[in-house]
Amino acid sequence: MIEVRNLHKIYGRGSVATHALKGIDLVVSPGEFVAVMGRSGSGKSTLLHILGLLDAPTSGEYLIEDRNMLMLTESEKSRFRLEKLGYVFQEFSLLPEMTILENVYVPALCLSEDKNHKKRAIELLEIVGLGDRLKHHPGEVSGGEQQRAAIARALINRPKILFADEPTASLDITSARTVLELFSRLNNELGQTIIMVTHEPDDARYVDRVVWLKDGLVEKTHKT
Ligand code: ADP
């Protein structure tokens, strides 16, 4: 269970201050696939960065499974991110000098308990349809394939929550559909909790619920 209450974020101070989030309340259940939508500037990325522990709110509460996320020290936060959270960004962020397979298992090397990282990386690459691209480098595959590799990488440590920030924004329509179908399958078949920011209204049909932001507040939320 993910729960935020009365979340505020103010960037800057004084006359240049921007009140990006003005009291967000949100609960996401385990296994839910939620899309955060709204106009540019409504606060979507700010909210996602705070939920992903990549930025801190100015005030408010944030709990994951009753654990207070805002009380974690920097090193606890890093550990929590690595072990429990996965991220997919618009610009795939794969390391160009590594193969697709190496890119996927690198985050597992940081967790000493996990000895089967290579086998799991291959399984994940098969799940995302890249079983025949293991030894390719990112520059040798398409944008859609790079994004699917980035999704496999995000899943390597079995995250509780997968965050995706405009994951299809730099893809063509066909690749974008493949990526969204993949998210939907991961959610339905593996019960993966996913929180995705998108400004593409059509994406709503892949998710369980849409949370609409307007001017830093939840304007409405509806099940799809
Ligand atoms: P969205 O993702 O919906 O486009 P953002 O969360 O990026 O919205 O931005 C919300 C508001 O916060 C906007 O007014 C934006 O200009 C402002 N903002 C976002 N990031 C920063 C930042 N690092 N510094 C100052 N203002 C910011």
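Residues numbered from 1 in each chain as written. Predicted model: local features only at pLDDT ≥ 70, side-chain atom pairs only at ≥ 80, totals over all residues. Heavy atoms only, no water.

Another aspect to go through is the sheet that holds strand 4 (residues 59–64). Reading across the sheet, the four strands line up as 2-1-4-5 and stay open at both edges, with antiparallel pairing between neighbours. The open sheet has two free edges, formed respectively by strand 2 (18–28) and strand 5 (67–68), since each of these has just one partner strand. Here two bridges tie strand 4 to strand 5, and the two strands are oriented antiparallel to one another. Paired with isoleucine 64 across the two strands is arginine 67, which belongs to strand 5. On top of the sheet, helix 1 (residues 44–51) reaches strand 1 (2–11), strand 2 and strand 4; it is set at about 60 degrees to strand 2, its chief contact. (Pairing = 2+ DSSP bridges. Helix = DSSP H or I, 4+ residues; strand = E, 2+ residues; numbered from the N terminus. Contact = heavy atoms within 4.5 Å. Axes fitted to C-alpha atoms, helices over the stretch in contact; angles between N-to-C directions.)

Here the focus is the site of the ligand. Around the ligand, the structure places Tyr11, Thr18, Ala20, Arg39, Ser40, Gly41, Ser42, Gly43, Lys44, Ser45 and Thr46. A distance of 3.1 Å is found between an oxygen atom of the ligand and a backbone nitrogen or oxygen belonging to glycine 43. Note that an oxygen atom of the ligand is positioned 2.5 Å from one of the side-chain N or O atoms of threonine 46. Considering the ligand on its own, with 560 Å² of exposed area, one finds that the protein chains cover 58% of that surface. Where the shell around the ligand is concerned, the elements lending two or more residues are strand 2 and helix 1. The element contributing the most residues to the shell around the ligand is helix 1, with three residues. (Near = heavy atom within 4 Å. Polar contact = N/O pair within 3.5 Å; in protein donor to acceptor, adjacent residues only side chain to side chain. Areas by Shrake-Rupley, 256 points an atom, 1.4 Å probe, with all protein chains shown as cover.)

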